[in-house]
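Geometric and topological summary
Given next are the chains, with one letter for each unit.
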Amino acid sequence: MRSQVPMLLAVAALNTCIVMAVCWNSGLPFANYGWMSGLIIYCFARMTIWRRILAKPVSPEKVPKILKANVGLSVGMMGLLGIAASFTFVAGTFAYQTLIPVSLAFGATAIAHCLYTLRPAAIGVLLIGITPVALSMILSGDFNAKMLGISMLSVEALMIRFVTAQYDRMIEGLFLAQQIRELADTDPLTSLPNRRAIMSTIEAELKQRGPRFGIALLDLDGFKQVNDSMGHHAGDLMLLGVGARLSNAAEAKDSVGRLGGDEFIVLFRNVENKAELSARTTALLAALCRPIEIDGAPMPVAASLGFALYPDDGETIREVMHVADTALYAEKRLSKARPQAVASSRQAAA
């Protein structure tokens, strides 16, 4: 709509200028068509307003109102010009009676092309702008006018078909683009947001400069042994189970993603302090670290987790991620040392 609205207004102003030029050349009193100059001025004023609107960020809430206003403008102007064209043809105001109807048909076609992304509006412009004057020509006694009116209706039908086809292709393209974005932002195994998507989400959260948020990095313990002993099929099933558990355990306002391999990330929104973040990560681990059934056999699930709080642990994503990553690998070193300490104590007792 950024370029279509100015085009729409320009076409409307141009066709109105053509009508005024014909009226002036035919020697009609200015009082009969002077109102059209106001319509032209209004079109240029709307162009100026449109440029000012686009110069600022437009909130999503205002978009429907803007579209509605411009659709009403285009359909209203075309209806007004259609009535005027039908009246001038029936009244025989000009020596060349078909000039105004043909000019109007061209204008309606151009405006409908500009509005094809709004199918009802485009079809409405064609019906209002062409049908009344074409029927007036068909019902007249002049053979040439009848043939031209029939031709205008056929062009109208073809344009309606064109607008419908263009609209359908646009919708298909939007769905295809959405699917491509989803594939680009989705981990193919777990269907969670991938590294690119989750990092974009965190960046957006950072730009809002709103409430504090926490980041937790999670890495499965002993995952390589699962792959080596049971095969990648078992590893994939474990990752699927872990992804599902993380999604179910996280709150609705949080976001879970897979960074790659057996690494996951959780964005905790609206966290007041580290105590709250610690409690939420502990609850997450408790929900995660339960045996998971793989091919009918229960497999233990263990994970190490490190977290960081924005902005306490850093003003940038890199800084916050570094703190969380450092905490994660410190926890992994502790988890590896625990079995050795248990084994040593047992030997000493023996």
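First, a word on scope: everything that follows refers to the structure included in this document. (Residues numbered from 1 in each chain as written. Predicted model: local features only at pLDDT ≥ 70, side-chain atom pairs only at ≥ 80, totals over all residues. Heavy atoms only, no water.)

1. Regarding the overall build of the chain
Counted only if it meets this: Note on conventions: DSSP H or I runs of at least 4 residues are helices, E runs of at least 2 residues are strands, and numbering of each starts at the N terminus. Radius of gyration: over C-alpha atoms. The globule rule applied is 2.2 Å multiplied by the number of residues raised to the 0.38 power. Pairs of residues are marked as contacts when any of their non-hydrogen atoms sit within 4.5 Å. The Shrake-Rupley method, run with a 1.4 Å probe, gives the accessible areas here. Residue values count only the displayed protein chains as cover. Positive residues here are Lys and Arg, negative ones are Asp and Glu, while His and the chain termini are left out of the count. Charged groups are reduced to one reference atom each: NZ for lysine, CZ for arginine, CG for aspartic acid, CD for glutamic acid.
Each helix and strand counted, the chain has 12 helices and 6 strands in total. A compact globule built from 350 residues should have a C-alpha radius of gyration of about 20 Å, whereas the chain, at 34 Å, is more than 25% larger. Each principal axis of the C-alpha distribution contributes one length, and for the chain these read about 120 × 45 × 20 Å. Long-range contacts, defined as pairs at least 24 residues apart, comprise 66% of the intrachain contacts of the chain with a sequence gap of at least 6. For the chain, the exposed area adds up to about 19,200 Å²; of that, 63% sits on carbon and sulfur atoms. Each charge class in the chain was averaged separately, 32 positive and 28 negative side chains, and the resulting centres sit 8 Å apart.

2. Observations concerning unusual backbone geometry
As a rule of thumb, non-glycine residues mostly have phi less than zero, and peptide bonds are mostly trans rather than cis. Here is the rule: Exposure categories follow from relative accessible area, calculated using a 1.4 Å probe and restricted to protein chains: below 20% of the type maximum is buried, above 50% is exposed, and the middle band is partly exposed.
For the bond running from Tyr310 to Pro311, omega is 5°, close enough to zero to count as cis. Checked against the element boundaries, Pro311 lands in the loop between strand E6 (303-310) and helix H12 (317-349). One non-glycine residue, Ser191, lies in positive phi territory at about 65°. Note that Ser191 resides in the loop between helix H7 (143-185) and helix H8 (195-208). Its relative accessible area of 55% is what places Ser191 among the exposed residues. Positive phi outside glycine occurs at Asn270, with the angle close to 55°. Assignment of secondary structure puts Asn270 in the loop between strand E3 (263-269) and helix H11 (274-288).

3. Topic: a nonpolar patch on the surface
Threshold: Distance thresholds for patches are 9 Å for like charges and 5 Å for nonpolar side chains (Val, Leu, Ile, Met, Phe, Trp, Tyr), applied to residues having over 30% relative accessible area and no salt bridge. We define a salt bridge as a side-chain nitrogen of Lys or Arg found within 4 Å of a carboxyl oxygen belonging to Asp or Glu.
Nonpolar side chains collect at one region of the surface, where Phe143, Met147 and Ile150 lie side by side and expose about 310 Å² of accessible area between them. Topologically, Ile150 is positioned in helix H7.

4. A word on the side chain of Ser255
Inclusion rule: Within 3.5 Å is the distance limit for a polar contact, defined as a pair of N or O atoms, with the added protein rule that one can donate a hydrogen and the other accept it, and that residues adjacent in sequence qualify only through two side-chain atoms.
By the secondary structure assignment, Ser255 is in strand E2 (residues 255-260). Among the polar contacts made by the side chain of Ser255, one reaches the side chain of Arg269 at a distance of 2.9 Å. Look past the residues within four positions of Ser255 in its chain and what remains in contact with it is Ile198, Thr201, Ile265, Val266, Leu267 and Arg269.

5. Considerations on the environment of Gly129
Residue position: Gly129 is located in helix H6 (residues 119-138). A relative accessible area of 0% means that Gly129 is categorised as buried. For the pair formed by Gly129 and Gly82, sequence separation is 47 residues and the distance between their alpha carbons is 4.9 Å.

6. Overview of the pattern of salt bridges
All told, the structure shown has 13 salt bridges when counted by the stated rule. When the shortest N-O distance is used, the salt bridge between Asp168 and Arg119 registers 3.3 Å. Taken together, the residues span a long stretch of sequence, with Asp168 in helix H7 and Arg119 in helix H6 at a distance of 49 residues. For Asp168, a relative accessible area of 34% gives the class partly exposed. A residue is classified by how much of its surface remains accessible, and Arg119, at 27% relative accessible area, is partly exposed. A salt bridge links Asp254 to Arg280; the shortest N-O distance between them is 2.8 Å. Taken together, the residues span a long stretch of sequence, with Asp254 in the loop between helix H10 (232-249) and E2 and Arg280 in helix H11 at a distance of 26 residues.

This is a description of form; function is not addressed.
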